[in-house]
Each structure stands twice: as structure tokens, then as C-alpha cells.
Amino acid sequence: MLVSGGGTNLGALLAAHDDPAYGARVVGVVSSRGDAGGLERARAAGVPTAVVDPADFPDRTAWDEAVGRAVEVFDPQLVVLAGFMRLLGEPFLRRFGGRTLNTHPALLPSFPGLGGAAVRGALEHGVKLTGSTLHLIDEGTDTGPIVAQVAVPVEPGDTPEVLLERIKVAERAQLVEWVGRIAREGMRVEGRTVVVGGPAA
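Residues numbered from 1 in each chain as written. Predicted model: local features only at pLDDT ≥ 70, side-chain atom pairs only at ≥ 80, totals over all residues. Heavy atoms only, no water.

### Let's talk about unusual backbone geometry
Residue Pro109 is bonded to the preceding Leu108 through a cis peptide linkage, with omega at 10°. In this fold, Pro109 is placed in the loop between strand 5 (100-104) and helix 5 (115-124). A positive phi angle, near 50°, is found at Asp75, a position not held by glycine. Mapped onto the elements, Asp75 comes out in the loop between helix 3 (60-73) and strand 4 (79-82). The class for Asp75 is exposed, based on a relative accessible area of 66%. One non-glycine residue, Asp142, adopts positive backbone phi at about 60°. Position of Asp142 among the secondary structure elements: in the loop between strand 6 (129-136) and strand 7 (146-153). (Helix = DSSP H or I, 4+ residues; strand = E, 2+ residues; numbered from the N terminus. Buried < 20%, exposed > 50% of the residue type's maximum accessible area, 1.4 Å probe, protein only.)

Following this line, the structure appears as C-alpha cells:
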């Protein structure tokens, strides 16, 4: 997993992976920040960690390559971005494209971009439903194939902060469900359609 913040999504997956029936385990955590709370969560659970700070590299490409190498050490079948606040480019996608999941607090393709801005945008547009999207990353910003979506109603009087917290609750449940399903049943991409489980086309 890749984290930049407190690691609440990571915490949810760590709680789930203790059940042998879940089918997936968090094997390593990489962060762009040495002070990320998610690192402490991982260490407390006995999960190895690594920090790849952009400030230690001459440019984005070098950093991107280093992130890919750090993740590769853990030999993951699936990579999950859990509140990872940096875009990943071609060097990383060359290694892990097609198997890197990201969460976004809106119903893509509406309101892409930074999470806080996405929630504010939904409120400013007066939508009645927003939610969480789980998608594969690609070269764009929140443009990869969609794995799953869950709707979250917008309530009268919602502020961006209140709505975001409600979305995060749905997001954590969604992430735990679908990471487990992908681990148990497999995943394939057909054009822009992500298929989890079932026979190959």
C-alpha cells in the first residue's frame, strides 16, 4: 500500500487481513512522507515499511522510479493507493499499471482531482448523490477504469468536511470489500471495463 497521511484505509485493510478467509494481506507500506501516521499503523501491525521522499530525488521521474523499486521489494499482486497524495507516472505504471487501485471521494468521471476539491465541487453543483469510486490508475488524473462505486447521499446543511467524513466511511467499506474480492476471485480489464471474478471472455 502507498500512504501519505493517517492511514485510516490502511487500518481497515489491516483489520480485515487478519481473517484467513479474507484472502489478502498487506505485505508492505510505502510512503512519500516519513511522518505519515499510516507508517506507525503498519509498524504496529508488524508490516514492513519504506519512505521515498520526493525531496531526496533530483526530479519527478527519478522519484517515480524509486517508488516503483520500493514497491517491487514487497512483490505485491495488487497495489493500493490509500490517501497517497502524489501522482504516479510512467516509470511506476510500467511496473504496476493494471493492478494499482486508487480511491476517490466522488462518482467519477464527475469531480476528478484532489479529494477536498472534489467534495466542494459536488456541493457547489448541488448534486443530490455523490460517493466513492475505486478505480485503476493510468496516466491521467482519476481517469482509469472504474472497479466499483458506492453512492453517498448529500444531506441538507452538509459542509465539505461533514460530507467528506461520510464518504470516507463508505470508502473504507468499499475498499475492504473489493480488495478481498479481487484477491479471491481475480480481476481483468476489458477495454474500460473491469471484471472481477467469472470466466475470461
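From this point, the narrative continues.
### Points about the pairing of strand 4
By the alternation rule, side chains of strand 4 split into Val79 and Leu81 and Val80 and Ala82, which are all buried. Taken together, the two bridges between strand 1 (residues 2-3) and strand 4 define a ladder with parallel strand orientation. Of the residues in strand 4, the one forming a bridge with Leu2 is Leu81. In this fold, strand 4 hands off to helix 4 (residues 90-96), which returns the chain to strand 5; that crossover is right-handed. (Pairing = 2+ DSSP bridges. Right-handed = clockwise from strand over helix to strand, strands pointing away.)

### So, the pattern of salt bridges
Pairing of side chains with opposite charge becomes possible as their charged atoms draw close. As enumerated under the stated definition, the model contains eight salt bridges in all. Between Asp35 and Arg33 there is a salt bridge; the shortest N-O distance is 3.0 Å. According to the relative accessible area criterion, Asp35 is exposed, its value standing at 57%. The class for Arg33 is partly exposed, based on a relative accessible area of 38%. Notably, a salt bridge pairs Lys168 with Glu165, separated by 3.7 Å at the nearest N-O pair. Residue Lys168 and its partner Glu165 are both found in helix 6 (residues 160-185); the two are separated by three residues, about one turn of the helix. Given a relative accessible area of 29%, Lys168 falls into the partly exposed group. Note on Glu165: relative accessible area 45%, which makes it partly exposed. (Salt bridge = Lys/Arg side-chain N within 4 Å of Asp/Glu carboxyl O.)

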